[in-house]
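Descriptive analysis of the structure
The chain contents come next:
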Amino acid sequence: MTGVQTCALPISILLKENHIALAGGVKAALDQAHAYASSQMNSHTMTAYEAAGSEAGTAASQPAQQSLTIQIEVRDETELREALSAGAQSILLDNMTPDEARRCVAIIRGIRTNAIVELSGGITLENVRAYALTGADYLSSGALTHSARAADLSLLVDSIRGK
C-alpha cells in the first residue's frame, strides 16, 4: 500500500454545568453552541474511509457537510426537558441513580427517539449492570481511572552494551 490514510475524527462540544450557568441556562447554552457550530460548518471531500458505510457509498470525492456535535449535561428531569425543548440531540445524564436514569431515558426516547444518551457519574464496576439496563447508548465511568490501584513500577538498568 502506498500513500497515507487519514481519518477525520469528529469534533464535539460538551456543555457542562458551568457552561450552562455562564450562558444563562440550558436553552441559552444550547443556542450559543448551535450558533457557534453553524459558523464552523465546512465542506470537505470525504475520504474512502469516511464514505465506507455511509449513504454516500464509496463516492470518496463527494463533498460532505461536517458539523460539530453538541452534547449537553443535565442533572435532573427539569434540565432534561429544557434541553429537549431547545433541540438537544445528545444528552449526558449526570449523577443519577439507575432508577432516575431509566426514567429520564424513557422521557428522551418518548420525545426524541434518535437522541444519543450517555450516563455518567457514580458508575462503578459494582453497579454498571443496573446502569446498562436503563436503555442509554453509552456509559462513562471515572472509576476506571480515578479508582484504579496504582502499580509500583521501576526500571533498573544493569549495563549498557559497548560501555
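Attention in this report is confined to the structure presented alongside it. (Residues numbered from 1 in each chain as written. Predicted model: local features only at pLDDT ≥ 70, side-chain atom pairs only at ≥ 80, totals over all residues. Heavy atoms only, no water.)

Below, the discussion takes up the overall build of the protein. Within the protein, the regular secondary structure consists of 7 helices and 7 strands. Along the chain direction, N to C, the helices and strands of the protein fall in the order β-α-α-β-α-β-β-α-β-α-β-α-β-α. Sequence separation of at least 24 residues holds for 48% of the intrachain contacts in the protein that already meet a minimum separation of 6. (Helix = DSSP H or I, 4+ residues; strand = E, 2+ residues; numbered from the N terminus. Contact = heavy atoms within 4.5 Å.)

Core analysis: the largest hydrophobic core is formed by 32 residues, its most contacted members being Leu15, Leu30, Ile72, Leu80, Ile91, Leu93 and Ile108. When residues of this core are traced back to their parent elements, those giving at least two are β1 (12–15), α1 (17–23), α2 (26–40), β4 (69–74), α4 (77–85), β5 (90–94), α5 (98–111) and β6 (116–120). The residues contacting Leu30, other than those within four sequence positions of it, are Leu15, Ile70, Ile72, Ala83, Ala86 and Ala88. (Core = buried A, V, L, I, M, F, W, Y, C linked by side-chain atoms within 4.5 Å. Buried < 20%, exposed > 50% of the residue type's maximum accessible area, 1.4 Å probe, protein only.)

The relative placement of two packed helices is expressed as an angle between their axes plus a distance between the axes. The N-to-C vectors of α2 and α4 enclose an angle of 35 degrees; their axes lie 9 Å apart at closest approach. When you trace α2 past α4, the crossing you get is right-handed. Across the interface between the two elements, Val26, Lys27 and Leu30 from α2 touch Glu79, Glu82 and Ala83 from α4. In the contact of α2 with α4, the residues fall into 3 nonpolar, no polar and 3 charged. (Axes fitted to C-alpha atoms, helices over the stretch in contact; angles between N-to-C directions. Left-handed = near helix turned anticlockwise from the far one by under 90°. Nonpolar A, V, L, I, M, F, W, Y, C, P; charged D, E, K, R; others polar.)

The subject of this paragraph is the environment of Ala86. Relative to the elements of secondary structure, Ala86 occurs in the loop between α4 and β5. Between the C-alpha atom of Ala86 and that of Ala28, which follows or precedes it by 58 residues, the distance is 8.7 Å. The residues contacting Ala86, other than those within four sequence positions of it, are Lys27, Leu30 and His34.

Here the phi dihedral of Asn95 falls at roughly 55 degrees; this positive angle occurs in a residue that is not glycine. The topology assignment puts Asn95 in the loop between β5 and α5. In this structure Asn95 comes out as exposed when scored by relative accessible area, which is 54%.

Turning our eyes to something else, we now look at α4. Considered for burial, the residues of α4 that qualify are Glu79, Leu80, Ala83 and Leu84. Down the axis of α4, the buried side of the element spans an arc of 135 degrees, and every buried residue falls inside it. Exposed and facing more than 90 degrees away from the buried side of α4 are Thr78 and Ser85. If you check the start of α4, you find a side-chain oxygen 3.1 Å away from the backbone N of Thr78, and it comes from Asp76. (Arc of directions from axis to C-beta. Polar contact = N/O pair within 3.5 Å; in protein donor to acceptor, adjacent residues only side chain to side chain.)

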